[in-house]
Amino acid sequence: MGSGTPLLALRGIRKRFGRLEVLHGIDLDLRAGEVLVLAGGNGAGKTTLVKILAGAYDDWEGEIVLAGTPVHPRRPHEAAALGIACIHQELALVGPLNAADNLFLGRERSRRFLGVDDRAQADAASGWLERLGVEVDVRLPVERLPVAVQQSIEIARALSMDARVLVMDEPTSALTEMETRHLFERIDQLKREGRAVLFISHKMEEIYRIADRIAVLRDGKLVGTRLAPELAQGELVEWMAGQAVTEHARAVAGGEVPCLSVENLSVTDPARPDRPLVRDVSFEVRRGEVLGLAGLAGSGASEVLGAVFGRLPRRSGRVLVDGEPVPSGRPAASLRRGLAFLASDRKAEGLTLARSVVENVTLASLPRFSPGGWLRPRREERAVRELVRELDIQASSLRAPVSTLSGGNQQKALLARLWLTEPKVLLLDEPTRGVDVVAKARIHRLIDEWSRAGRAVALTSSELPELLALSDRVLVLHRGEVHAALERHEASAERVIAAALGGAA
Amino acid sequence: MKGSLSAPLRALLALALVFAVGLVFHADGSFYRWDTHGAMLRQASVHGILACGMTLVIVTAGIDLAVGSVLALAAVLFSLLTIHLGWGAPTAVAAVLGVGLLLGATSGGLISTFGLQPFIVTLAMMVFARGLAKQVSGGQKISQAVMKPDGSGYDYVDLPRVFDLVDSRVLGGAVWVVTLVFVAVALLSWVILARLRVGRHAYAAGANPEAARLSGVPVRRTLVLVYAWSGLCAAIAGICQAAQEQQGDPETGAGYELSAIAMVVIGGTSLMGGRGGLVLTLVGVFTIGYLQKILSLNAVGEAARLMLTGAIIVGAVLFQRSRRNG
């Protein structure tokens, strides 16, 4: 393990989005020949920090010192030229091109007047991949190669550019156990060559397998850095969780009758049926009860809600509302059964941005506002006006495009859409993502009101304190399975995080 | 979007500009006579009917390239049924409209069921319908000249009354019947888009198909209906075309789909879907209609006319876009 001057030193890194500061002055050293694991809950600032290193932003403050020289990457290619290579969760290869073309993308080897020298590229690419112990036909389109091999191609690309610092953002999230082991062998090799690796992971077991040192971020601040063997698992969890948030907003509610029953739900990735997202999950939610689904990114919590509603098709399992089965993968049928669903990405899956506030709010309950197929604009407007007042949605006009509203008001408009369907069960995937504090407080109150009105609510939130404050019970998911089921009084931040990392609750 | 003109106003501004050009270059006062405007309306009607159907399709973020060919097929079929086979006008009209509806629904079905790109599917339908038109007509124009059974020459039959009826003037000679057909189609299309649930579904499916699906909108059915409507409009336009040409020409209507798209886009309806509407399309129809009329009044040659039209389409669309960025 290296010592002395760090290969990469971050000094006082700050980054803000609009008025919101998300990194509050991060100091971090990365030494040659070491793996530093960066840990932290969702929203701690890990990804923002990685993106700064990758040159994705140009408006951060602070200093990055690379091998003694201050540097300031403001564009991705500048970071690459400095020898900082980032391998993201989502691989950045061009699917239809082959491995060699991808390796040399943007810096093709060419012969004068003859275009790209395919043979030279193929030979060089094979060479780099062999060094990583990967044997693959470099002439195949990379989209036909396994994800693990694609990742190796990215690593080979980084090496071919002589990267000294490799940043890997959850590289194992799409890998099998075997592939993970191979990746770790390659990382060991990178260490021996004197390169530095910054590694982000959500898996406890993996963190201790690969880390030389562990640094923990929480709420945009560095909590601490310590040699891996000297940081006990319990302490790591404490660092990530911070002070236990004990302020619970609700008294325990809940009737006796299960309103929503989910039995043995399994879901696979629609694009890759061999990749399970949710495995054999069962739970019930009673009237007046709020169930929180906790888990780190990729835990499957969001997919559980999506599959219950029909955003995703179910692989197997049953969903019942008041004892009536709900068909798989058919949102329209789910709505008729009394399910309502708020998607986590409101722009991609919630709003019709070009359309008006009114149209967005009534979209899921149109039959009620168009008897015989004829729209009743006045009736729509009356219903929407009432909800707008109740939820305090700030809009210049109900006929204005919903895109002109602020994030918090857009979110409230979507919640109004759900409420207008007169649901029995509300499935809320990240109900307060990206909204301001005032709107957030209103949404919290709304969820409370709805459950008191006898609705069953199931929700996810990447903000653990919020999840704990809203939920009567918490299910903790890890790699698509229920790892712990905690009643309100048992659900402390530490226990939830420990379970979410795959440890004992 | 803030503080700038609304979409209809922008579109009207472009139309006013074209109109002003006409007032200046009035070709010895021709532009001041109603006949000129009536003739403009007559000439723009067939394209306008296509543009009405196209508006619904574009609102769903789709495109229908087949309308020119479906128009030709309808013209050929209508002529064949009425002139050669002696069908009564109502039955012939119903049959032809049914064929247009069916071809449109087929495009919509392929797009929605298999998730194919509208461009590809309707391009295929465009080629197919043109082929079908040639098959039905044997590659010949279907006109009053009917080949004798022994092939020795032609018999000339009377043109059925419906042809003259569609291509005649009403309201004291001020307006042509095709224009009334266009107005009726425009009115129906407006009702569908602005007053019916299916229209709301079309906007939602165009603005964000996944959000629409998650809100229980029957996206597939909506697409089938919308393309069927476009096919129906193309069939109506085909009957009008046959009446105006007094024959069914399997080669007719080539490139009409592009004029229809241009009319919709000039009005300000977004090709990205979810935005726009029929009133905007009407403005687009008038803009292009007047442009053509003014250019021909002033005896601008066809070559120059085409180049100018192209330039003006780009200008109008840039004009529309600056609104959205501004």
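Now for a look at the structure at hand. Numbering of residues starts from 1 in each chain and follows the order in which that chain's sequence is written. Numbering of ligands from 1 and lettering of chains from A proceed in the order in which they are written. Under the rules for a predicted model, residues below a pLDDT of 70 receive no local features and side-chain atom pairs below 80 are neither given nor counted, while totals for whole chains, interfaces and linings still include all residues.

1. A few points about the overall build of chain B
Thinking step 1. Under the DSSP-based scheme used, a helix requires at least four consecutive residues in state H or I and a strand at least two consecutive residues in state E, with every element numbered from the N terminus. Scanning chain B from N- to C-terminus turns up 13 helices and four strands.
Thinking step 2. With C-alpha atoms as the basis for the radius of gyration, the globule rule is written as 2.2 Å multiplied by the number of residues raised to the power 0.38. The C-alpha radius of gyration computed for chain B amounts to 20 Å, which stays within 12% of the reference 20 Å derived for 326 residues, consistent with globular compactness.
Thinking step 3. Seen through its principal axes, chain B has C-alpha atoms that stretch 70 × 55 × 35 Å.
Thinking step 4. Any residue surrounded by 20 or more other C-beta atoms within 10 Å of its C-beta is treated as buried, while 12 or fewer makes it exposed and the intermediate range makes it partly exposed; C-beta atoms here are placed from the backbone. Going through the 326 residues of chain B one by one, you find that 54% of them count as buried.
Thinking step 5. Throughout, a pair of residues is in contact if the C-beta atoms placed from their backbones lie within 7 Å. Considering only intrachain contacts with a sequence separation of at least 6, the fraction spanning at least 24 residues in chain B is 78%.

2. A few points about the overall build of chain A
Thinking step 1. Broken down by element type, chain A carries 18 helices and 22 strands.
Thinking step 2. For chain A, whose C-alpha radius of gyration is 25 Å, the value lies close to the compact-globule estimate of 23 Å for 505 residues.
Thinking step 3. For the C-alpha atoms alone, the extent of chain A along its principal axes is close to 70 × 55 × 45 Å.
Thinking step 4. Taken across its 505 residues, chain A has 49% of its residues classed as buried.

3. Quick look at the nonpolar core
Thinking step 1. Residues L427(A) and A74(B) are the most contacted members of the largest nonpolar core, which totals 264 residues.
Thinking step 2. It is helix α10 (residues 219–245) of chain B that provides the largest number of residues to this core, a total of 18 residues.
Thinking step 3. Not counting chain neighbours up to four residues away, the residues in contact with A74(B) comprise V96(B), V99(B), G100(B), A234(B), A235(B), G238(B) and I239(B). Connectivity within a nonpolar core runs through C-beta atoms within 7 Å, and the core itself is a set of buried Ala, Val, Leu, Ile, Met, Phe, Trp, Tyr and Cys residues.

4. Description of the packing of helix α7 (residues 177–195) of chain B against α10(B)
Residues and elements named next belong to chain B.
Thinking step 1. Put simply, α7 and α10 touch, their axes get as near as 11 Å, and they point 175° apart. Judged by the inter-axis angle, α7 sits roughly antiparallel to α10. Contacts from V178, V181, V185 and I192 of α7 reach α10 at W229, C233, I236, C240 and Q244.
Thinking step 2. When residues are sorted by character, Ala, Val, Leu, Ile, Met, Phe, Trp, Tyr, Cys and Pro go into the nonpolar class, Asp, Glu, Lys and Arg into the charged class, and all the rest, Gly among them, into the polar class. Considering only residue class, the contact of α7 with α10 consists of eight nonpolar, one polar and no charged. To get an axis, fit a line to the C-alpha atoms, keeping to the stretch in contact for a helix; angles then go from 0 to 180 degrees between the N-to-C directions. Here the word oblique covers every angle except those under 35 degrees (roughly parallel), over 145 (roughly antiparallel) and from 65 to 115 (roughly perpendicular).

5. Quick word on helix α8 (residues 233–241) of chain A
The α-helix advances 3.6 residues per turn, and as a result positions three or four apart in sequence lie on the same side.
Residue and element names in this part refer to chain A.
Thinking step 1. Of the residues making up α8, those classed as buried are L236, V237, W239, M240 and A241.
Thinking step 2. Lining the buried residues of α8 we find β3 (35–39), β11 (213–218), β12 (221–227) and α18 (493–500).
Thinking step 3. Downstream of α8 by one or two residues, G242 has phi in the positive range, about 75°.

6. So, the interface of chain B and chain A
Thinking step 1. On the chain A side, the residues contacting the 21 residues of chain B number 23 residues.
Thinking step 2. Of all the secondary-structure elements, those providing two or more residues to the side of chain B that touches chain A are α8 (197–207) and α9 (209–214) of chain B.
Thinking step 3. Considering every element that reaches the side of chain B that touches chain A, the biggest residue donor is α8(B), with six residues.
Thinking step 4. Residue classes in the side of chain B that touches chain A are distributed as eleven nonpolar, four polar and six charged.

7. Thoughts on the sheet that holds strand β2 (residues 20–30) of chain A
All names here are of chain A.
Thinking step 1. Only strands that DSSP links by at least two bridges are regarded as paired with each other. Pairing is antiparallel across the open sheet formed by four strands, whose spatial order is β2-β1-β4-β5. Edge positions in the sheet fall to β2 and β5 (69–71), since each has one partner strand and no second. Taking the axes of each pair of neighbouring strands and ignoring which way they run, one obtains an average angle of 25° across the sheet.
Thinking step 2. Judged from the five bridges that link them, strand β1 (residues 8–17) and strand β4 (residues 61–66) form a sheet pairing that is antiparallel. Looking at the pairing, A9 lines up with V65 of β4.

8. Here's the deal with the sheet that holds strand β14 (residues 272–286) of chain A
All names here are of chain A.
Thinking step 1. With antiparallel pairing, four strands are arranged side by side in an open sheet as β14-β13-β16-β17. In the strand order of this sheet, the two ends are held by β14 and β17 (324–325), each with one partner.
Thinking step 2. Here eight bridges tie strand β13 (residues 258–269) to β14, and the two strands are oriented antiparallel to one another. Bridge assignment links D269 to a residue of β14, and that residue is R272.

9. A few points about the pairing of β1(A)
Residue and element names in this part refer to chain A.
Thinking step 1. Summarising the sheet, β1 and β2 pair through eight bridges and their orientation is antiparallel. Counted as the bridge partner of I13 is I26 from β2.
Thinking step 2. Two successive antiparallel strands, β1 and β2, enclose a turn made up of two residues, where G18 displays a positive phi of approximately 65°.

10. A look at the packing of α8(B) against α10(B)
Two measures define how a pair of helices packs: the angle their axes make with one another and the distance between the axes.
Residues and elements named next belong to chain B.
Thinking step 1. Viewed as axis vectors pointing N to C, α8 and α10 meet at an angle of 110°, and their least axial separation amounts to 9 Å. By the angle between their axes, α8 is roughly perpendicular relative to α10. Two secondary-structure elements touch here, α8 through V198, H201, A202 and A205 and α10 through V219, T222, L223, L225 and V226.
Thinking step 2. Per-class residue counts for the contact of α8 with α10 are seven nonpolar, two polar and no charged.

11. Focus: the environment of A158(A)
Residue and element names in this part refer to chain A.
Thinking step 1. With respect to the helices and strands, the residue A158 is situated in helix α5 (residues 147–160).
Thinking step 2. Taking the number of C-beta atoms within 10 Å as the measure of exposure, A158 has 25 and is therefore buried.
Thinking step 3. Linking A158 and C86, residues 72 residues apart in sequence, is a C-alpha distance of 8.0 Å.
Thinking step 4. Excluding residues that lie within four positions of it along the chain, A158 makes contacts with A85, I87, A163 and L166.

12. Quick word on the environment of L180(B)
Residue and element names in this part refer to chain B.
Thinking step 1. Structurally, the position occupied by L180 is in helix α7.
Thinking step 2. When the C-alpha positions of L180 and G68 are compared, they lie 21 Å apart, and in sequence the two are 112 residues distant.
Thinking step 3. Ignoring sequence-local partners within four residues, the contact set of L180 consists of V170 and V175.

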